[in-house]
Amino acid sequence: MTRVVLSLFIMLACAFGAATPAHAQVCTATISSVNFGAIAPATTSAATVSGSITVTCAGFVLGLPVRACLNIGTGSGGTTYAPRLATNGARTLQYNLYADAAGSTLLGSRRSGSYGALAVDIPLTLALGVASGTRTVPFYGRVPVGQTSLVAGTYTSTFSGTAQAEMDYDQYLLVAPDCSTLSAHPTALSFAVNATVVNDCTISATNIDFGAAGLLTNALTATGTLSVACTNQGAYSIALSQGTGSGATVADRRMTRSGGGEQVRYQLYQNAAYTIPWGDGTGGTATVAGTGTRSSQAITVYGRVIPQATPTAGTYADTVTATITY
């Protein structure tokens, strides 16, 4: 009897195994890299881009859903989530990754203890007795404003290995596993975050007013100011045009009488000694070069009306364009 029962048991086990083929129950994920493109430190709006994560599960024999938990670490640029950092040598750029477009839910990891993983539930459909499914979810990257100390260059942070980018997953019946504790089937992911900080400048000017004069037998002087704010350590140069006066050049500027054609000759200089004419680098003039400090820099423009025959009384004016190259 013992041998008969044992033989029957083996036959039943073999029959069961032959009727149900084995399938590898596997989920895979792909995550897009994040490229913020060109970042101007003086910009007044945050740089925001979007990416996506696609999770595909296959080989499951039951039509139950699978929960995948996407754990994203701090990246190679730093050890904090608040904020994450991308690096250019010793320099850093602040950014972060979010699960929502509004930037209210930080994309984190169960390993952090404070910022949780992104839960993705994949509904599975049966096809020839094998369940499979795919789901794609978006995520968002944002570089905040106010980083005026940034220096031009390429900033990068990489995510690789389960400590930085990991997917855990498991199939469930009624209650989805919590991403703070799910650690089954750890799968390493990899992606990168890049941003290019570019030289950026703003410029504004005050007018130069020589006041009123009855005769132009003596020189008249006055000053104006250019206010320049450029990317930290970014080189720039400023040229001044010849103005709008008929026949004017950068070496011989002309103010024109309102309502007439008479002119008053004058010149603009870089120094208070009136020895370095400020122009575009031609006709004996020079441009002004500088290096950005991230803060506004005040640059004085020295104006001088040379002694000359006094024209008809009236208001004389000219418009000069300041061009900053960086």
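Preceding this section is the structure that the text describes.
Below: a short report on this structure.

So, how was this worked out
Residues numbered from 1 in each chain as written. Predicted model: local features only at pLDDT ≥ 70, side-chain atom pairs only at ≥ 80, totals over all residues. Heavy atoms only, no water. Patch = residues over 30% accessible without salt bridge, like charges linked within 9 Å, V, L, I, M, F, W, Y side chains within 5 Å. Areas by Shrake-Rupley, 256 points an atom, 1.4 Å probe, with all protein chains shown as cover. Salt bridge = Lys/Arg side-chain N within 4 Å of Asp/Glu carboxyl O. Helix = DSSP H or I, 4+ residues; strand = E, 2+ residues; numbered from the N terminus. Buried < 20%, exposed > 50% of the residue type's maximum accessible area, 1.4 Å probe, protein only. Disulfide = S-S within 2.5 Å. Phe/Tyr/Trp six-rings, centres within 6.5 Å; stacked < 30°, edge-to-face > 60°.

1. Thoughts on a nonpolar patch on the surface
Phase 1 of the analysis: Side chains of Leu173, Leu174 and Val175 sit close together on the surface and give an oily, nonpolar patch of about 390 Å² of accessible area.
Phase 2 of the analysis: Within the secondary structure, leucine 173 is located in the loop between β11 (165–171) and β12 (187–188).
Phase 3 of the analysis: The class of leucine 173 is exposed, set by a relative accessible area of 61%.

2. A few points about the state of the cysteines
Phase 1 of the analysis: In total, this model carries three disulfides according to the counting rule given.
Phase 2 of the analysis: One disulfide in the model links cysteine 69 with cysteine 179; its S-S distance is 2.0 Å. On the sign convention where negative means left-handed, the S-S torsion of about -85° between cysteine 69 and cysteine 179 marks this disulfide as left-handed. A residue pair is termed long-range when its members are at least 10 positions apart, and cysteine 69 in strand β4 (residues 66–72) and cysteine 179 in the loop between β11 and β12 qualify at 110 residues. Of the two residues, cysteine 69 and cysteine 179, both sit in the buried class.
Phase 3 of the analysis: Cysteine 201 shares a disulfide with cysteine 230; S-S distance 1.9 Å. Measuring the twist about the S-S bond at about 115°, one finds the cysteine 201-cysteine 230 disulfide to be right-handed. One end of the pair, cysteine 201, is in strand β14 (residues 201–205); the other, cysteine 230, is in strand β15 (residues 220–230), with 29 residues separating them in the sequence. Comparing cysteine 201 with cysteine 230, the two get one shared label, buried.
Phase 4 of the analysis: For the chain, numbering the cysteines in disulfides from first to last along the sequence yields the connectivity 1-2, 3-4, 5-6.

3. Brief notes about the packing of aromatic side chains
Phase 1 of the analysis: Scanning the model with the defined rule gives six aromatic pairs in all.
Phase 2 of the analysis: Taking the centre distance of 6.3 Å and the plane angle of 65° together, the rings of phenylalanine 210 and tyrosine 266 count as edge-to-face. Highlighted residues: phenylalanine 210 in the loop between β14 and β15 and tyrosine 266 in strand β18 (residues 263–269), separated in sequence by 56 residues.
Phase 3 of the analysis: Exposure remark for phenylalanine 210: the relative accessible area of 16% places this residue in the buried category.
Phase 4 of the analysis: The exposure class assigned to tyrosine 266 is buried, which follows from its relative accessible area of 6%.
Phase 5 of the analysis: Here the aromatic rings of tyrosine 274 and tyrosine 302 are separated by 6.3 Å at their centres, their planes lie at 85°, and the arrangement is edge-to-face. Of this pair, tyrosine 274 sits in the loop between β18 and β19 (288–291) while tyrosine 302 sits in strand β20 (residues 296–305), and the two are 28 residues apart along the sequence.
Phase 6 of the analysis: Members of the aromatic cluster, each reached through a chain of ring pairs, are Tyr269, Tyr274 and Tyr302.

Structural measurements only, silent on function.
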